[in-house]
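Residue strings, one per chain:
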Amino acid sequence: MAETPENQTSPAAPKGALITVILVVVIDLLGFGIVLPLLPRYADRLLEPAGVERQLHGLVTGCLLAVFSLMQFIFAPIWGRISDRVGRRPILILGLAGSVVFYALFGYASSLGSDQARLALGLMFAARIGAGIAGATIATAQAVIADCTPKEKRAHGMALIGAAFGIGFTVGPILAGVALIFFPDQPELAGYSAAGLSFIAWMIAMFKMPETARPGSLAPRRGWLDLRGLTSTLKTPTVGILVLTFFLATFGFAGFEATLSLLTRDMGYGDQDNFWIFAYVGSILMITQAAIYRRVVKKYHEVQLMRLGVGFMFLGLVGLAAVAMGGDTSLRPVVLFVSLALGVVGFAFLTPSAQALISNRSDPARQGEVLGVNQSCAAMARILGPVTGLVLFKAESTHMLPYAASAVLLAIVMALLTKVGRD
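Residues numbered from 1 in each chain as written. Predicted model: local features only at pLDDT ≥ 70, side-chain atom pairs only at ≥ 80, totals over all residues. Heavy atoms only, no water.

Asker: Teacher, can you tell me more about the overall build of the chain here?
Answerer: A tally of regular secondary structure across the chain gives 15 helices and zero strands. The 423 residues of the chain split such that 58% are buried. In the chain, the share of contacts with a sequence separation of at least 24, taken over all contacts with a separation of at least 6, comes to 87%. Surface accessibility of the chain: about 16,500 Å² in total, with carbon and sulfur atoms responsible for 68%. (Helix = DSSP H or I, 4+ residues; strand = E, 2+ residues; numbered from the N terminus. Buried < 20%, exposed > 50% of the residue type's maximum accessible area, 1.4 Å probe, protein only. Contact = heavy atoms within 4.5 Å. Areas by Shrake-Rupley, 256 points an atom, 1.4 Å probe, with all protein chains shown as cover.)

Structure, rendered in structure tokens:
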């Protein structure tokens, strides 16, 4: 069978699949948005009753956040490679089913009291491991976008995934915040609600999601762990640099993401306030990628937008370092929200630009695998970033070290981007 031309959409990859996969990602990420703002605070409350020494609190909390990304690091290229061979649909359905099970387990762990702190902490680790394996299929969702869009519109398509993240990060915390108003003593509702949302997403994928992999471009059978796929991706001209820059930028962003709920707690914001702050972050991400980015990408090249994004992220992290150091208490909230906006807008510009460039400069028959490698490297950044960020956050009293260190990393990213051409 002849391969579909690269600038056309295959009959096996209808444009309706775009709407379906975005809806599935949005609903699944609503669950992620519900759980993420609570996780560092829940863990912090369990550590002392569980007998964890105080000097290890930052490390253990960081590991609880990072183990999710460790599983994504391992499984994103595996799921991507399998989806290149068997199709996207079965992998997405399998991942969503896993999310249902492990978010429910997180809900059960959250219901246990401090007298069962060790069991609760162990079950949270198990839930995060399972959810990370299931969530690693996000690279497969990106491959669906690549299947359904021509090269010149690839960045627009990747921005849709970013907008889906933004919706999940906006509506998820809002739902959790409302739940806390009516059910303040039932923290397990967050996990159970996330499981329920993932079940809805599974139902939609099961009955509405078409297969999008192009019949003429399915990859041959290979082993699950194929290091040659990783090395060949990193050796592809400019793709290796793009993956490295995305890794470093994600590392910096993950350090801020993991420490934000602790920084806001030090500023006097409670659990419910924290949900509104995360909703604010998500709404900026959603608006930027759903509206602003899709306009500016028509006028500017993805490389230019990556540089602009890194610049915004740098300014945002410098601002957060200033917030952490204290100073004028009346200005701190203003600086906090401006800095959050700058950092999130920057990441919203960087992410779809990098993903589109990586996809466009890769072999069409290896879209799932290459995007999986990139997602895997980003997952590694989300392993190291939270652990490093939380250890640095606990290292001294002002808590500015994680933000200052991330700003330095972004300066390195800007230097690397000078090696990425526009062709």
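There's more to say after this.
Asker: It is not clear to me how unusual backbone geometry should be interpreted in this structure. Could you clarify?
Answerer: In terms of backbone geometry, most residues other than glycine have negative phi values and most peptide bonds are trans. We note that His-399 has phi near 65°; this positive angle belongs to a residue other than glycine. Assessed through its relative accessible area of 18%, His-399 is described here as buried.

Asker: How do you make sense of the packing of helix H4 (residues 88–111) against helix H5 (residues 117–135) when you look at a structure like this?
Answerer: Here H4 crosses H5 at 165°, and the two axes come no closer than 8 Å. On the basis of their axis angle, the class for H4 and H5 is roughly antiparallel. As H4 runs across H5, the sense of the crossing is left-handed. Contacts between H4 and H5 involve Gly-95, Gly-98, Ser-99, Phe-102, Leu-105, Phe-106, Tyr-108, Ala-109 and Ser-110 from the former and Ala-120, Leu-123, Met-124, Ala-126, Ala-127, Gly-130, Ala-131 and Ala-134 from the latter. Residue composition of the contact of H4 with H5, grouped by class: 12 nonpolar, five polar and no charged. (Axes fitted to C-alpha atoms, helices over the stretch in contact; angles between N-to-C directions. Parallel < 35°, antiparallel > 145°, perpendicular 65-115°, else oblique. Left-handed = near helix turned anticlockwise from the far one by under 90°. Nonpolar A, V, L, I, M, F, W, Y, C, P; charged D, E, K, R; others polar.)

Asker: What exactly am I supposed to notice about the nonpolar core here?
Answerer: Note that soluble globular proteins tend to have their nonpolar side chains buried in a common cluster. Within the largest apolar cluster, 76 residues are counted, with the highest numbers of intra-cluster contacts made by Phe-256, Leu-263, Leu-320, Leu-340, Leu-350 and Tyr-403. Of the residues forming this core, the biggest block, 14 residues, is contributed by helix H10 (residues 239–266). In this view, Leu-340 contacts Phe-256, Leu-260, Ile-277, Tyr-280, Val-281 and Leu-320; residues no more than four positions away in its chain are not counted. Core analysis: the second largest hydrophobic core is formed by 33 residues, Val-24, Leu-96, Ile-145 and Ile-204 among them. (Core = buried A, V, L, I, M, F, W, Y, C linked by side-chain atoms within 4.5 Å.)

Asker: I would appreciate a short explanation of the packing of H10 against helix H15 (residues 401–416) in the present structure.
Answerer: Where H10 meets H15, the closest approach of the two axes is 9 Å, and the angle between their N-to-C directions is 165°. Between H10 and H15, the interaxial angle falls into the category roughly antiparallel. Where H10 crosses over H15, the handedness of that crossing is left-handed. Within the contact between the two elements, H10 uses Ile-241, Leu-244, Thr-245, Leu-248, Ala-249, Phe-251, Gly-252, Phe-256, Thr-259, Leu-260 and Leu-263 and H15 uses Tyr-403, Ser-406, Leu-409, Leu-410, Ile-412, Val-413 and Leu-416.

Asker: Would you mind going over the environment of Leu-244 with me for this structure?
Answerer: Relative to the assigned elements, Leu-244 resides in helix H10. Residue Leu-244 is classed as partly exposed on the basis of its relative accessible area, which comes to 39%.

Asker: I keep staring at the side chain of Ser-339 and nothing clicks. Help me out?
Answerer: With respect to the secondary-structure elements, Ser-339 resides in helix H13 (residues 332–360). Aside from chain neighbours lying at most four places away, what touches Ser-339 is Gly-316, Gly-319 and Leu-320.

Asker: It is not clear to me how a positive patch on the surface should be interpreted in this structure. Could you clarify?
Answerer: On the surface, Lys-153, Arg-295, Lys-298 and Lys-299 cluster together into a patch of positive charge. Relative to the assigned elements, Arg-295 resides in helix H11 (residues 271–296). (Patch = residues over 30% accessible without salt bridge, like charges linked within 9 Å, V, L, I, M, F, W, Y side chains within 5 Å. Salt bridge = Lys/Arg side-chain N within 4 Å of Asp/Glu carboxyl O. Lys, Arg positive; Asp, Glu negative; His and termini not counted. Charge placed at Lys NZ, Arg CZ, Asp CG, Glu CD.)

Asker: Any chance you could explain H11 here in plain terms?
Answerer: The α-helix advances 3.6 residues per turn, and as a result positions three or four apart in sequence lie on the same side. Taking 1.5 Å per residue as the helical rise, H11 with its 26 residues ought to reach 38 Å, and the 36 Å between its terminal C-alpha atoms agrees with that figure. When the local axis directions of H11 are compared, the greatest deviation, roughly 40°, occurs at Thr-288. (Expected span 1.5 Å × (residues − 1). Bend = angle between axes of the 7 residues up to and from the residue.)

Asker: Would you mind going over a nonpolar patch on the surface with me for this structure?
Answerer: Where nonpolar side chains cluster on the molecular surface, the patch consists of Ile-174, Val-178, Ile-181, Phe-182, Phe-183 and Trp-276 and spans about 560 Å² of accessible area. Considering every element that reaches the nonpolar patch, the biggest residue donor is helix H7 (residues 154–182), with four residues. By the element assignment, Ile-174 lies in helix H7. Given the relative accessible area of 34%, Ile-174 is considered partly exposed.

Asker: Looking at this structure, how should I read the environment of Ala-415?
Answerer: Within the secondary structure layout, Ala-415 lies in helix H15. With 170 residues separating them along the chain, Ala-415 and Thr-245 place their C-alpha atoms 9.5 Å apart.

Asker: Looking at this structure, how should I read the packing of aromatic side chains?
Answerer: The geometry of an aromatic ring pair is captured by the separation of the ring centres together with the interplanar angle, meaning the angle of the planes. In the structure shown here, the tally under the stated rule is seven aromatic pairs. Relative to Trp-202, the ring of Phe-199 has its centre 5.9 Å away and its plane inclined at 20°; by these criteria the two rings are stacked. With Phe-199 and Trp-202 both in helix H8 (residues 188–208) and three residues apart, this pair spans about one turn of that helix. With a centroid separation of 6.4 Å and 75° between ring planes, the pair formed by Phe-312 and Phe-349 is classed as edge-to-face. One end of the pair, Phe-312, is in helix H12 (residues 302–325); the other, Phe-349, is in helix H13, with 37 residues separating them in the sequence. Judged by relative accessible area, Phe-312 falls into the partly exposed class, the value being 25%. (Phe/Tyr/Trp six-rings, centres within 6.5 Å; stacked < 30°, edge-to-face > 60°.)

Asker: Where do I start with helix H6 (residues 138–148) in this structure?
Answerer: Counted residue by residue, H6 has 11 buried out of 11 residues, so it is predominantly covered. Along H6, the residues classified as buried are Ile-138, Ala-139, Thr-140, Ala-141, Gln-142, Ala-143, Val-144, Ile-145, Ala-146, Asp-147 and Cys-148.

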